[in-house]
2 protein chains.
Amino acid sequence: MKPYGAYTPAELASERDALTEQYESCKSRGLKLNMTRGVPSLAQLDLSRGLLTCLGDDEYMAEDGLDCRNYGGLDGIPEMKRIFAAILDLEPDEVIVGGNSSLALMFDNVASNMSHGVRDGAPWRSQGQPKFLCPSPGYDRHFSICQYFHIDMIPVKMTDEGPDMDTVEKLVSTDPMIKGMWCVPVFSNPTGLVYSDETVRRIARLKPAAADFRVYWDNAYAIHQFSGEKRRIPNLIRECAEAGNEHIPLVFASFSKVTFSGAAVTCIASSRSNCEFIKKRLSMQTIGPDKLRQLMHAKFFGGAEGVYAHMRKHAAILKPKFDLIEEILSARLGGRDAARWTTPEGGYFVSVNALPGCARRIVQLCAEAGVSLTPAGATYPYGRDPKDSNIRLAPTFPPLDELRQAMEVFCLAVKLASVEKQLAADSRA
Amino acid sequence: MKPYGAYTPAELASERDALTEQYESCKSRGLKLNMTRGVPSLAQLDLSRGLLTCLGDDEYMAEDGLDCRNYGGLDGIPEMKRIFAAILDLEPDEVIVGGNSSLALMFDNVASNMSHGVRDGAPWRSQGQPKFLCPSPGYDRHFSICQYFHIDMIPVKMTDEGPDMDTVEKLVSTDPMIKGMWCVPVFSNPTGLVYSDETVRRIARLKPAAADFRVYWDNAYAIHQFSGEKRRIPNLIRECAEAGNEHIPLVFASFSKVTFSGAAVTCIASSRSNCEFIKKRLSMQTIGPDKLRQLMHAKFFGGAEGVYAHMRKHAAILKPKFDLIEEILSARLGGRDAARWTTPEGGYFVSVNALPGCARRIVQLCAEAGVSLTPAGATYPYGRDPKDSNIRLAPTFPPLDELRQAMEVFCLAVKLASVEKQLAADSRA
């Protein structure tokens, strides 16, 4: 297909009219389709149907004899620690199983470091203006945490290998107020890309100007590969220890997209002494996690192998959706200059880069035709995409037939916005 | 019985020898009894046995159509809000059902006010040295939260009617750095006493010097009366609204001692606009609460009446334990000057005031004889009981026969410590 840049003004005008007609016809169908958030589909939720009924009413003892119905067990039960440790290639005593939301663990860790400092460090907020590196496009909820705590966000470009490490190394080694960095190393939100081994190793070998610098390693999609296998990358905690950066990484994992969001289990993993530090706060903060939810998960899966088997069933549901997206994007936009997109091997998102200045218009066109997308800009700090180009597609929730309809609308919107843009550029020329 | 103060030195010495002999004989029995914390007994836990299996694997929809297995529902499902609202005599939209630990809700609220301020107020920490009023003896975990956030604690004497309100009114109305006050209004921890109606109304009518003053109303034992009825006190939220103090109260409630600690549900209730403010933080902080736990509780109880029926079963287990304590304390220490104690009509604790300077010794004597008590001083800010007199007894966990043994050891320890004290005083005279 010819790129729009090569169209004559007359061809563009005629294309705009044709696209507008198609678009108006779409609009009149009164669609109501939602691709805003990375939410498991009903078919995926049904995979965990047995979870809720897997414990008999006389099954409440953890393997260490703790009664999961009563107080105690601040850092999780042994069998659930073991499962997370196996998934993360760590030891159980490097893992704290806590709460039902890994986002809450990250929020709380940032809150703690802001007000009380890292281990024996001064509170971040007392040292000046704290800053975080934010590889972008990235996860909007990470950015919200920074914004809430008035932490300055420094966007760092994402390459195909992960964050641009030349920039990261330079900034981290020179600015002692850079206290943190958000990372989604595997099937990153929203690009779906995986950090290269070299990127992981360069992160492990950073020489931060701040003694209290931390890497927030949100390994949300570690086991969400469409091939059904765990996606292996170098072990950040081990690599950091080797590089003398033992206390820098804070690793987060979650079963929110494995079993039931909200009724799942999550963990934070770090050096043993970081874990002790975190447990001190926990002991003031809470009576402990929901140990029965942990026991239920441990029984339902039996062990890490059971989790992987379960993830293969998720993959079987998800892969056709991502294949469909690739198929439609290629068919409708291939060869155009209107968009580039990622083709992830796992995770929950596809990232589309439209022509600069088109993202907001595309999201608006989709919304008016009944297709809700993540707001344009959401994948950048402060909700500001400097190029107004990036759009996150979240295809997991809608069934295949709805996804197909939504993607047709999306491609139409991309083309229409691109033609409008080209026409405007031509008229200025 | 003759008070020890009236004994001659020779009588005291002989009593000490007799008590020591009994105590050594106790010690040799190698007891291992735990009365440190307010923990439900196994018989109580068994009351909720049906909870875990009450939802079929096709029951996951809240009454408003929300799928409790997926994301969403930040402030709780309607049916669980309604139950908490009924218990607290409020409307459902004044309630946020969240998390599994009301302690965590309190900790987080203090954290939020310290770093971000109350609604449109400046952060507490930015205004100078924040202070909290701490009616004492009180709940050690409230005090730990203050200590963790470097909030100065001002102890206020507890009378039989609740905190000494003359002192509270004077301090709150004059010092703008007094930002909060801890209250356990019903079956207070550790005294077991209930605030009088007049005390509640005086709290509601406070005229704080600080515009951002808050009352932390930890209504942990609202429905834990041994008679099986809900204990009614004036409704703080309504009384505050009438007095123009609408946004001052933050009310907390928990099912940790109703069903399963950790696997229960909890809530925070406040003015509607306070709830909106809290929800804003929640939306940054978490993907939401465990809605399936909420649904399970709503189905198990059916409504507030079901909760009250359940609490009558708890009461039937707990009352004999508190009766036994009263019986043994009266029989062994009645008529002595060695101790005064409370006789609560509900809750989880009995508070004993020993002779000044004796509490730590008593706890130590008990520990050496195999009976663990809450550390002396724990019921006061900074763990410092100025008179070294108060001891919290937590009799709920041990079965009756173990409780009897523990109480015999305790009474022996009280008498021995008192005689030692009297002998020391005589020798100084």
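First, a word on what this report is: a plain description of the structure on this page.

Rules used in this analysis
- Residues numbered from 1 in each chain as written.
- Chains lettered and ligands numbered in written order.
- Predicted model: local features only at pLDDT ≥ 70, side-chain atom pairs only at ≥ 80, totals over all residues.
- Heavy atoms only, no water.
- Helix = DSSP H or I, 4+ residues; strand = E, 2+ residues; numbered from the N terminus.
- Rg over C-alpha atoms; globule rule 2.2 N^0.38 Å.
- Buried < 20%, exposed > 50% of the residue type's maximum accessible area, 1.4 Å probe, protein only.
- Contact = heavy atoms within 4.5 Å.
- Areas by Shrake-Rupley, 256 points an atom, 1.4 Å probe, with all protein chains shown as cover.
- Arc of directions from axis to C-beta.
- Least-squares fit on C-alpha atoms with pLDDT ≥ 70 in both.
- Phe/Tyr/Trp six-rings, centres within 6.5 Å; stacked < 30°, edge-to-face > 60°.
- Core = buried A, V, L, I, M, F, W, Y, C linked by side-chain atoms within 4.5 Å.
- Buried area = accessible area lost by both parts, 1.4 Å probe.
- Salt bridge = Lys/Arg side-chain N within 4 Å of Asp/Glu carboxyl O.
- Polar contact = N/O pair within 3.5 Å; in protein donor to acceptor, adjacent residues only side chain to side chain.
- Expected span 1.5 Å × (residues − 1).
- Axes fitted to C-alpha atoms, helices over the stretch in contact; angles between N-to-C directions.
- Parallel < 35°, antiparallel > 145°, perpendicular 65-115°, else oblique.
- Left-handed = near helix turned anticlockwise from the far one by under 90°.
- Nonpolar A, V, L, I, M, F, W, Y, C, P; charged D, E, K, R; others polar.

1. Observations concerning the overall build of chain A
Item 1. For chain A, the count of helices and strands is 13 helices and 13 strands.
Item 2. Taken over C-alpha atoms, the radius of gyration comes to 23 Å for chain A, in line with the 22 Å a tight globule of 429 residues would show.
Item 3. Dimensions along the principal axes, computed over C-alpha positions, put chain A at roughly 75 × 55 × 30 Å.
Item 4. Out of the 429 residues belonging to chain A, those deemed buried represent 60%.
Item 5. Within chain A, contacts between residues separated by at least 24 positions form 76% of all contacts whose residues are at least 6 apart in sequence.
Item 6. Counting only carbon and sulfur atoms, one obtains 51% of the accessible surface of chain A, whose full area is about 15,700 Å².

2. Describing helix H7 (residues 197-204) of chain B
All names here are of chain B.
Item 1. Taken together, the buried positions of H7 are Thr199, Val200, Ile203 and Ala204. Taken end-on, H7 shows its buried residues confined to a sector of 140°, consistent with a single buried face.
Item 2. In this structure, the buried residues of H7 make contact with strand E5 (162-163), helix H6 (165-174), strand E6 (178-183), strand E7 (214-218) and helix H8 (236-242).

3. Some remarks on the relation of the copies chain A and chain B
Item 1. Expressed as a screw operation, the relation of chain A to chain B combines 0.0 Å of axial shift with a rotation of 180°, fitting to an RMSD of 0.0 Å. The two molecules are tied by a two-fold rotation axis, judged by turn and shift. Rotation axis and chain A: the residue whose C-alpha lies nearest the axis is Thr53 of chain A, separated from it by 3.2 Å.
Item 2. Most of the interface of chain A is mirrored in chain B: 100% of its interface residues are interface residues there too.

4. As for the packing of aromatic side chains
Item 1. One pass over the structure, following the stated rule, counts 32 aromatic pairs over all chains.
Item 2. Ring geometry for Phe107 of chain B versus Tyr148 of chain B: centroids 5.6 Å apart, planes at 40°, classification tilted. Of this pair, Phe107 of chain B sits in helix H4 (residues 102-116) while Tyr148 of chain B sits in helix H5 (residues 140-148); the two residues are 41 residues apart in sequence, bridging distant segments of the chain. Accessibility assignment for this pair places Phe107 of chain B and Tyr148 of chain B in one class, buried.
Item 3. A centroid spacing of 5.1 Å and a plane angle of 90° characterise the contact between Tyr148 of chain B and Phe149 of chain B, whose relative ring orientation is edge-to-face. A single burial state applies to Tyr148 of chain B and to Phe149 of chain B, both of which are buried.
Item 4. In this structure an aromatic cluster arises from ring pairing among Trp124, Phe132, Trp182, Tyr216 and Phe252 of chain A.

5. Digging into the nonpolar core
Item 1. The biggest cluster of nonpolar side chains holds 237 residues, and the ones touching the most others in it are Phe255 and Phe410 of chain A together with Phe255 and Phe410 of chain B.
Item 2. Residues within four places of Phe410 of chain B in sequence aside, it is in contact with Leu329, Val352, Ile362, Cys366, Leu373, Ile391 and Leu393 of chain B.

6. Remarks on the interface of chain A and chain B
Item 1. Contacts between chain A and chain B engage 52 residues on the former and 53 residues on the latter.
Item 2. Overall, the association of chain A and chain B removes approximately 4,600 Å² of surface from exposure, summing both partners, and the carbon and sulfur fraction of that is 54%.
Item 3. Taken as a group, Arg69, Tyr148 and Met284 of chain A account for 15% of the area that chain A buries against chain B, more than any other trio of residues on that side.
Item 4. Our count for the contact surface shared by chain A and chain B stands at four salt bridges.
Item 5. Arg293 of chain B is the salt-bridge partner of Asp290 of chain A, the closest N and O atoms lying 2.7 Å from each other.
Item 6. Between the two partners, chain A and chain B, sit 26 residue pairs in polar contact (both at pLDDT 80 or more).

7. Thoughts on helix H9 (residues 272-285) of chain B
Residue and element names in this part refer to chain B.
Item 1. Taking 1.5 Å per residue, 14 residues should reach 20 Å; H9 reaches 20 Å between its end C-alpha atoms and fits that length.
Item 2. Within the sequence span of H9, burial applies to Asn274, Cys275, Ile278, Arg281, Leu282 and Gln285. Along the axis of H9, the buried positions cluster into a sector of 125°, meaning they face one direction only.

8. Side note on the environment of Asp89 of chain B
Residues and elements named next belong to chain B.
Item 1. Inspection of the secondary structure assignment puts Asp89 in the loop between helix H3 (78-88) and strand E2 (95-97).
Item 2. Judged by relative accessible area, Asp89 falls into the partly exposed class, the value being 38%.
Item 3. Residue contacts for Asp89: discarding those within four places in its chain leaves Lys230, Arg232, Asn235 and Arg238.
Item 4. A distance of 3.2 Å separates the side chain of Asp89 from the side chain of Arg232, its partner in a polar contact.

9. Structural notes on the pattern of salt bridges
Two side chains bearing opposite charge may form a pair once their charged atoms approach each other closely.
Item 1. Across all of its chains, the model carries 60 salt bridges over all chains by this definition.
Item 2. Asp75 of chain A is the salt-bridge partner of Lys81 of chain A, the closest N and O atoms lying 2.9 Å from each other. In this pair, the class of Lys81 of chain A matches that of Asp75 of chain A, namely buried.
Item 3. Its salt-bridge partner being Glu408 of chain A, residue Arg332 of chain A comes within 2.8 Å of it at the nearest N-O pair. Of this pair, Arg332 of chain A sits in helix H11 (residues 304-333) while Glu408 of chain A sits in helix H13 (residues 400-428), placing them 76 residues apart in sequence.
Item 4. A single network of salt bridges, built from pairs that share partners, joins Asp46 and Arg49 of chain A together with Asp67 and Arg69 of chain B.

10. What about the packing of H4 of chain B against H5 of chain B?
For any two helices packed against each other, one specifies the crossing angle of their axes together with the interaxial distance.
Residues and elements named next belong to chain B.
Item 1. At a minimum axis distance of 10 Å, the contact between H4 and H5 shows a crossing angle of 25°. The angle between the axes of H4 and H5 places the two elements in the roughly parallel class. Between H4 and H5 lies a crossing whose hand is right-handed. On the side of H4, the interface is formed by Leu103, Met106, Phe107 and Val110, while H5 contributes Arg141, His142, Ile145 and Tyr148.
Item 2. Considering only residue class, the contact of H4 with H5 consists of six nonpolar, one polar and one charged.

11. Digging into the environment of Gly192 of chain A
All names here are of chain A.
Item 1. With respect to the element layout, Gly192 can be found in the loop between strand E6 (178-183) and helix H7 (197-204).
Item 2. Residue Gly192 is classed as buried on the basis of its relative accessible area of 5%.
Item 3. Residues in contact with Gly192, not counting those within four places in the same chain, are Phe187, Pro344, Gly346 and Phe349.

12. Section: the environment of Ser115 of chain B
Item 1. Among the structural elements, Ser115 of chain B can be located in helix H4.
Item 2. Accessibility expressed as a relative area gives 19% for Ser115 of chain B, which makes it buried.
Item 3. With 85 residues separating them in the primary sequence, Ser115 of chain B and Gly30 of chain B have C-alpha atoms 50 Å apart.
Item 4. Setting aside its immediate chain neighbours within four residues, Ser115 of chain B contacts Phe149 of chain A together with Pro123, Arg125 and Arg281 of chain B.

Nothing here speaks to function; it is all geometry.
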